[in-house]
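# Summary of the model geometry
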Amino acid sequence: MKISVTVTLKNDVLDPQGKVVMQTLKNMGHKNIDNVRQGKYFEIDINEKDKDEVEKIIVQISEKLLTNTVIENYKINYK
Amino acid sequence: MKSSVIVFPGSNCDRDIAVALQKFQIKNQMVWHEESSLPKSDLVVLPGGFSYGDYLRTGCIASKSKIIKDVIEHGKKGGLILGICNGFQILIETGLLPGALLRNENLKFLSKNVFLKVVNTSNKFCSNYKKKNIIELPIAHNEGNYFGSNELIDKLENNDLITFKYCNKSGEVNKNSNPNGSINNIAGILNDKKNILGMMPHPERLIEPMLSGEDGSMLFTSLLK
């Protein structure tokens, strides 16, 4: 099964990289950009067919490794 | 006193800290991260550097290495742990210290000397700073911007768990003396039991009066008390 996980910074965490990207877009002439937040994206191939089991594993690896839950949120995307 | 310095692929301050420990007659051993058991130690040091190339998040991969189980055990039993720079980032990722270290606010790698105020001296690591509580130490990091919830910051402040704050030459802690954007200018914190210290500045680089100064020495002499 193919799963992807998107990791983003929580809303109250400052994202200096996102700010620089936003500023650059503005400098490039995109005046209508209001905000940019930068995140991470993981594609995971998992050898397991049971959907509940897959969810259990992905939640576990997302919380234990892929994100720092103090500052980041994650979203699991099933294909 | 016996110490172990844990060496990860990408550690680069491990030799410096070993030299510092030896200078203060602390019997040190280097321990490779793949070892499964920690030699008997009073103090464990997680050194500075770029463990695993800072992949995923700084300190993250190192915090899952084989030896870390024993390091966590050592800390939970009340054993001393010192994490400097990348070592601080690793301590955060293991959960031994709370909060997070984000990218520096100005997105620059900072390598310079900074002034620090030693705001709490009643712990194992800082007792000798009572005599001199404004010191100068080098920083060298890209992710040293300490972050935590308001609740956590209040808890750290109210329980004397912050050891170092960035300040200016006369000891004023303010926005202008904050190099990396850390909340409340935090440069170093302790766990609840005060046996684990994580700090971004490098005390091991200021132990030689001939070369640099001795503002780092007092941390090591405090440990020997």
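Everything below is about the structure shown above.
Notes on the structure follow. From a predicted model like this one, the values you see are computed outputs, not experimental measurements.

### As for the overall build of chain B
Of the regular secondary structure elements, chain B holds 5 helices and 11 strands. Here chain B has a C-alpha radius of gyration of 16 Å; the compact-globule value for 225 residues is 17 Å, and the two agree. Expressed as lengths along the three principal axes of its C-alpha atoms, the size of chain B is roughly 45 × 40 × 30 Å. Among the 225 residues that make up chain B, the fraction classed as buried is 53%. Intrachain contacts of chain B at a sequence separation of at least 6 include 74% that bridge at least 24 residues.

### Re the overall build of chain A
Along the backbone of chain A there are 2 helices and 3 strands. If you list the helices and strands of chain A from N to C, you get β-α-β-α-β. In terms of overall dimensions, chain A is more spread out than a globule: its C-alpha atoms have a radius of gyration of 16 Å, far above the 12 Å expected for 79 residues. Among the 79 residues that make up chain A, the fraction classed as buried is 10%.

### Focus: helix α1 (residues 14–23) of chain B
Residue and element names in this part refer to chain B. Taken as a whole, α1 has its buried residues at Asp14, Ile17, Ala18, Ala20 and Leu21. Looking straight down α1, one finds its buried side chains confined to an arc of 160°; they lie on one side. Check the buried side of α1 and you find it contacts β1 (2–7), β2 (27–32), β3 (43–46), β4 (80–84) and α5 (217–224). Looking one or two residues past α1, Gln25 carries a phi angle of roughly 60°, positive in sign.

### Thoughts on the nonpolar core
Ile6, Ile17, Ile81, Leu82, Phe88, Leu91 and Leu116 of chain B are the most contacted members of the largest nonpolar core, which has 70 residues in total. Setting aside its immediate chain neighbours within four residues, Leu82 of chain B contacts Leu43, Val45, Phe125 and Leu197 of chain B.

### What about the interface of chain B and chain A?
Contact with chain B, which involves 9 residues of that partner, is made by 9 residues of chain A. Of the residues assigned to the side of chain B that touches chain A, the class counts are 4 nonpolar, 1 polar and 4 charged.

### So, the sheet that holds strand β10 (residues 186–190) of chain B
Residues and elements named next belong to chain B. Ordered by their spatial adjacency, 9 strands build an open sheet running β2-β1-β3-β4-β11-β10-β9-β6-β7, and the pairing between neighbours is mixed. Edge positions in the open sheet fall to β2 and β7 (134–141), since each of these has one partner strand only. Neighbouring strand axes in the sheet, compared pairwise and without regard to direction, differ in orientation by 25° on average. One ladder, built from 3 bridges, connects β10 with strand β11 (residues 196–199); its direction is antiparallel. In the strand pairing of β11, Leu190 is matched with Leu197.

### Topic: the pairing of β1 of chain B
All names here are of chain B. The buried fraction of β1 is high, at 5 of 6 residues. The pairing of β1 with β2 spans 6 bridges and is parallel. Its bridge partner being in β2, Ser3 is matched across the sheet by Asn28. Between β1 and its parallel partner β2, the chain crosses via α1, and the hand of that crossover is right-handed. One ladder, built from 3 bridges, connects β1 with β3; its direction is parallel. If you follow Ser4 over to β3, its bridge partner there is Val44.

Thresholds applied
- Residues numbered from 1 in each chain as written.
- Chains lettered and ligands numbered in written order.
- Predicted model: local features only at pLDDT ≥ 70, side-chain atom pairs only at ≥ 80, totals over all residues.
- Helix = DSSP H or I, 4+ residues; strand = E, 2+ residues; numbered from the N terminus.
- Rg over C-alpha atoms; globule rule 2.2 N^0.38 Å.
- Buried ≥ 20, exposed ≤ 12 C-beta atoms within 10 Å, placed from the backbone.
- Contact = placed C-beta atoms within 7 Å.
- Arc of directions from axis to C-beta.
- Core = buried A, V, L, I, M, F, W, Y, C linked by C-beta atoms within 7 Å.
- Nonpolar A, V, L, I, M, F, W, Y, C, P; charged D, E, K, R; others polar.
- Pairing = 2+ DSSP bridges.
- Axes fitted to C-alpha atoms, helices over the stretch in contact; angles between N-to-C directions.
- Right-handed = clockwise from strand over helix to strand, strands pointing away.

The quantities given are spatial measurements derived from coordinates; they are silent on function.
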